Amino acid sequence: MTKEVEVKKAICTWCKGECGVLVHVKDGKLIKVTDDPDWPRKGFPPTKACPKFMAAVEWFYHPDRVNFPLKRAGDRGEGKWKRISWDQAFTEIAEKLTAVKDEYGPKSIGFTRGTSYRTEANPINRFFLQLGSPMNSISAGNVCMVPRSSVAFCLVGMYPHYSVRPTTKCIVLLGAEPANARPITYNNIRKALKNGAKMIIVDPRRTGSAVKADIWLQLRPGTDTALLMSMVNVIIKEGLYDREFVEKWCHGFDKLVPWVEQFSPEEMAKVTEVPAEKIRAAARLYASTRPGAMVEGMGVEQQESCYRILHARWILAALVGNMDIEGGEELIGPNTKLMDNRSIPPAIPVDPELVKEQIGSDKFKLLTFPGRQLIAPHLKRVWGKVPEMPLITHPSLVVRAILNSEPYPVRAMFTMISNPLATIPNIKLVYKALRSLDLYVVMDFWMTPCAEIADYVLPPASWMERPMLWDFNGFAAETIGGEAAVPDTVPGEYEHKTDYEILRGISLKLGLGKYWPWETLEEYYDTVLEPWGMTHKEFVHKERFYKKKVDWRKYEKVGFATPTGKVELYSTVFEQLGYDPLPRHVEPSETRISQPEIAKEYPLTLLTGGRVRPFYHSEWRQIDSVRRLHPYPLMDIHPDMAAKLGIKDGDWVWIETLRGRIKHKAKLFEGMANDIVHAEHGWWLPELPAEAPWLRGVWEMNANVLTDDDPDKSDPAVSATAERTMLCKVYPVKNYNGKVG
Ligand SMILES: Nc1nc2c(c(=O)[nH]1)N[C@H]1C(S)=C(S)[C@@H](COP(=O)(O)OP(=O)(O)OC[C@H]3O[C@@H](n4cnc5c(=O)[nH]c(N)nc54)[C@H](O)[C@@H]3O)O[C@H]1N2
Ligand SMILES: Nc1nc2c(c(=O)[nH]1)N[C@H]1C(S)=C(S)[C@@H](COP(=O)(O)OP(=O)(O)OC[C@H]3O[C@@H](n4cnc5c(=O)[nH]c(N)nc54)[C@H](O)[C@@H]3O)O[C@H]1N2
Ligand code: SF4
Ligand SMILES: [Mo]
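Residues numbered from 1 in each chain as written. Chains lettered and ligands numbered in written order. Predicted model: local features only at pLDDT ≥ 70, side-chain atom pairs only at ≥ 80, totals over all residues. Heavy atoms only, no water.

*Asks:* Sorry, what's going on with the pattern of salt bridges here?
*Replies:* Pairs can form between side chains of opposite charge once their charged atoms are near each other. For the structure shown, the criterion picks out 48 salt bridges. The partner of Asp 35 in a salt bridge is Lys 48, and the shortest N-O contact between them spans 3.7 Å. On the criterion of sequence distance, the pair formed by Asp 35 in strand β3 (residues 29–35) and Lys 48 in the loop between β3 and α1 (51–54) is long-range, its members being 13 residues apart. Look at Asp 35 and you get partly exposed, because its relative accessible area is 23%. Two residues, Glu 357 and Lys 107, come together in a salt bridge whose shortest N-O distance is 2.4 Å. In this pair, Glu 357 is assigned in the loop between α16 (352–356) and α17 (369–383) and Lys 107 in the loop between α3 (86–104) and β6 (109–113), connecting sequence segments 250 residues apart. Lys 107 gets classed as partly exposed once you look at its relative accessible area, which sits at 21%. Among the charged side chains, a network of salt bridges with common partners joins Arg 220, Glu 273, Glu 587, Arg 592 and Asp 675. (Salt bridge = Lys/Arg side-chain N within 4 Å of Asp/Glu carboxyl O. Helix = DSSP H or I, 4+ residues; strand = E, 2+ residues; numbered from the N terminus. Buried < 20%, exposed > 50% of the residue type's maximum accessible area, 1.4 Å probe, protein only.)

*Asks:* For this particular structure, what's the right way to read the site of ligand 2?
*Replies:* Taken together, 32 residues sit near ligand 2, with Asp 203, Asp 224, Met 298, Gln 303 and His 617 positioned nearest. Residue Glu 177 places a main-chain N or O atom 2.9 Å away from an oxygen atom belonging to ligand 2. Between ligand 2 and Val 202, the relevant distance is 3.1 Å, taken from a nitrogen atom to a main-chain nitrogen or oxygen of the residue. In isolation ligand 2 exposes 920 Å². Once the protein is present, 99% of that is buried. Secondary-structure elements contributing two or more residues to the shell around ligand 2 are α6 (178–181) and α14 (298–301). Split by residue class, the shell around ligand 2 holds 12 nonpolar, 11 polar and nine charged. Both domains that furnish three or more residues to the shell around ligand 2 are identified here as domain 3 (162–329 + 552–577) and domain 4 (596–732). (Near = heavy atom within 4 Å. Polar contact = N/O pair within 3.5 Å; in protein donor to acceptor, adjacent residues only side chain to side chain. Areas by Shrake-Rupley, 256 points an atom, 1.4 Å probe, with all protein chains shown as cover. Nonpolar A, V, L, I, M, F, W, Y, C, P; charged D, E, K, R; others polar. Domains from an automatic or database assignment.)

*Asks:* Explain the domain arrangement of the protein chain to me, please; I cannot follow it from the model alone.
*Replies:* It is common to give the size of an interface as the accessible area lost on bringing the parts into contact. By domain assignment, the protein chain separates into domain 1 (6–60), domain 2 (70–138 + 347–460 + 491–517), domain 3 (162–329 + 552–577) and domain 4 (596–732). Its C-alpha centre places domain 3 at a distance of 29 Å from the equivalent point of domain 4. On the domain 4 side, the residues contacting the 20 residues of domain 3 number 25 residues. In this assembly, domain 3 packs against domain 4 so that about 1800 Å² is buried in total across both faces, 53% of it on carbon and sulfur atoms. Taken as a group, Arg 205, Gln 302 and Glu 304 account for 35% of the area that domain 3 buries against domain 4, more than any other trio of residues on that side. Scanning the region where domain 3 abuts domain 4 turns up two salt bridges. In this structure, Arg 206 and Glu 670 form a salt bridge, with 3.0 Å as the shortest nitrogen-oxygen distance. (Contact = heavy atoms within 4.5 Å. Buried area = accessible area lost by both parts, 1.4 Å probe.)

*Asks:* What's the story with the packing of aromatic side chains in this structure? I'm lost.
*Replies:* Describing an aromatic ring pair means giving the distance of the ring centres and the angle of the ring planes. Using the criterion set out here, one finds 33 aromatic pairs in the structure. Through successive ring pairs, a cluster of aromatic residues spans Trp 14, Trp 59, Phe 445, Trp 446, Trp 463 and Trp 620. A cation sits over an aromatic face here: Arg 65 above Phe 60, 4.9 Å from the ring centre. Looking at Lys 667, its charged tip hangs above the ring of Phe 669, at a distance of 5.5 Å from the centre. (Phe/Tyr/Trp six-rings, centres within 6.5 Å; stacked < 30°, edge-to-face > 60°. Lys NZ or Arg CZ within 6 Å of the ring centre and 35° of its normal.)

*Asks:* What is the right way to read helix α23 (residues 521–528) from this model?
*Replies:* Residues lying three or four places apart along an α-helix face the same way, a consequence of the helix completing one turn every 3.6 residues. Listed as buried for α23 are Leu 521, Tyr 524, Tyr 525, Thr 527 and Val 528. End-on, the buried residues of α23 take up no more than an arc of 155 degrees, which puts them together on one face. (Arc of directions from axis to C-beta.)

*Asks:* Can you walk me through the environment of Tyr 241 in this structure?
*Replies:* You can see Tyr 241 is positioned in the loop between α9 (224–237) and α10 (243–249). Given the relative accessible area of 14%, Tyr 241 is considered buried. Separated by 75 residues in sequence, Tyr 241 and Leu 316 have C-alpha atoms that sit 9.1 Å apart. Leave out the neighbours within four places in its chain, and Tyr 241 touches Ile 235, Ile 236, Val 246, Phe 253, Arg 290 and Leu 319.

Shown next, in the form of structure tokens:
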């Protein structure tokens, strides 16, 4: 019986493009995925030129995809598995979880979670709240987006958008490369440039965008605060700031003025290695070309001084009056058309005493309870709503708790939408920790290095098989939705379940069904959409892409949702928490300046993780059509340094830090200083064996063998780790042809 081809509207969540696409299905089989001409928000490069999108069928039916629940049949990491039913998986996991809970208490149950775009953040919270667990998570949250939004909440009381619009006149890319990482922002940048915008780039590497920039500030890695505060110095000294905005809407200008004395361009040129005249030119261009918008990226979030850099960034934006204006910094208030986690009945009360016990909340206070409780009342006062801000632990503290039971034991972990054995710093330690757990459950499409050491591997439904509703916890400019297009179960062929259904399935076996009245994810979304007055189906077919009406200069009506009601140039929240109320430069803990002795043996500076367009973090290495575009990791090195080290273009090299060494292929590139190299992140080699010592090649080429996770060397407020600044040495690999194993 051949049915007609059905065409369904889905959202691709394979990168930050979040493209609306059409999924063609016949007899329950995926035929192809095509561009949706009606999707209003276009990125660049366009959807149809995207190699991941073109590989959709190859991905979906890939022979390596995990299609049934698996239970470990040998020792951890031995590569032996047994197929089991979902019911058996849920029953056994619930039993083992109960045993851990009974012996060590609910706090001993944690999770790992990564790029959040494709998931149900709220059901994950629900799952842990019902257990009475204070969200002990290993995640990228401390280096990705959460510092950025949290600092903005403290200083301006709104959620910061990636704001560049066609009307922007001055674009600042601060440790970001949207051309590789953010298709939507990049499309807007292209439009703005076409309309004559100026562009300033702060990056130690000459990125593709830097080539088009009016000013490229090629700073020494890890010195962003010094550079930005020096621009503040120029703007204040030369009277280039917006007097009216500063007078009316900024708190602490009087304290800032004497503070910036120490950041003269001449002094900061010594710190940043950017010539003083260039700093002056950038400050003048930024101040005189309005409206301007900054895009801050991982180049600043993955730094030990992350919160200081972000603070300096907001001081600059506020001084020139770029706040909440068309073409300037777009700041977002809440979307009251959706319910958030806590308001969805049956609500699970958050026990404040328990939240205080989240690992690390006494040390890193901004992304945990102490910081949140200072911000929340002001958001509530102004917006009537507090966004669902995840409480973020420092991953390494959780890793250490697993290993040392300090401050208390952590014995069971769930890995959802993350691959911590590839993406968290110091993966040698992460490996030891995860291997030692009493229960480790991984939900993934593939046998990732994490999956290989799990007790259970559960196959999730992909974006083609599940409904989608995306709104960043009610504080996003846009709400988007897609429908499930392909069946998630084809008897005998595969049995996938949405992450929601997996969490619900386990919860039901735990006897906690009262918190999960919605049988499917779609029903759950129906409830989330209740205030909107639409079901999820109606949303997808009538609305699908909702853009909140932009209401500029909201502060003129309601003020800023900060303790002083103004932009806090001088942060009262940071001060209360014991952090620097005004930004200062702190030399990162592993540079040739802070560690001259170590630098004798490790003389180069290593940056990791600049995005590589075909991949998404550790994903896509098993998809041939994509891997062919970039078969091995490349390390950028200046030709002069390469010549000195006896390295030619395309040679395999070792990159070694105090933590270990990995291989990359050398790519000679004159767009960086002589003593800086750049390595890619996320690598593992799915083609290599599972069993020890291979673990699918994660020790061979993964940059997080090299990175440091020491909590004492992390950002003191937001707990970011320095994935972009460390010391290394580089030397040729002898007798190696890339064929490992
Ligand atoms: N050295 C270094 N390390 C870094 C970075 C860096 O720049 N340098 N960047 C950091 C940053 S910013 C981030 S965000 C992290 C990302 O870290 P992760 O989120 O751990 O990265 P991914 O490799 O995307 O891992 C996601 C995993 O979840 C699976 N997955 C995808 N979608 C779903 C789904 O819907 N359900 C389930 N259950 N699984 C799914 C994928 O197959 C994949 O294995 O990496 C960080 N690590
Ligand atoms: N194709 C693809 N797209 C992605 C991802 C992916 O893995 N693949 N990951 C997604 C995720 S989760 C994220 S968080 C975003 C990240 O996206 P972005 O933050 O825009 O980009 P990155 O390429 O991670 O890093 C930007 C720049 O930081 C620079 N940098 C390094 N050290 C420093 C420093 O000390 N100071 C300054 N100013 N700059 C420095 C690097 O040279 C690099 O060019 O990308 C997202 N988009
Ligand atoms: S992977 Fe490609 S199609 Fe999917 S969201 Fe990103 S750019 Fe769009
Ligand atoms: Mo990220």
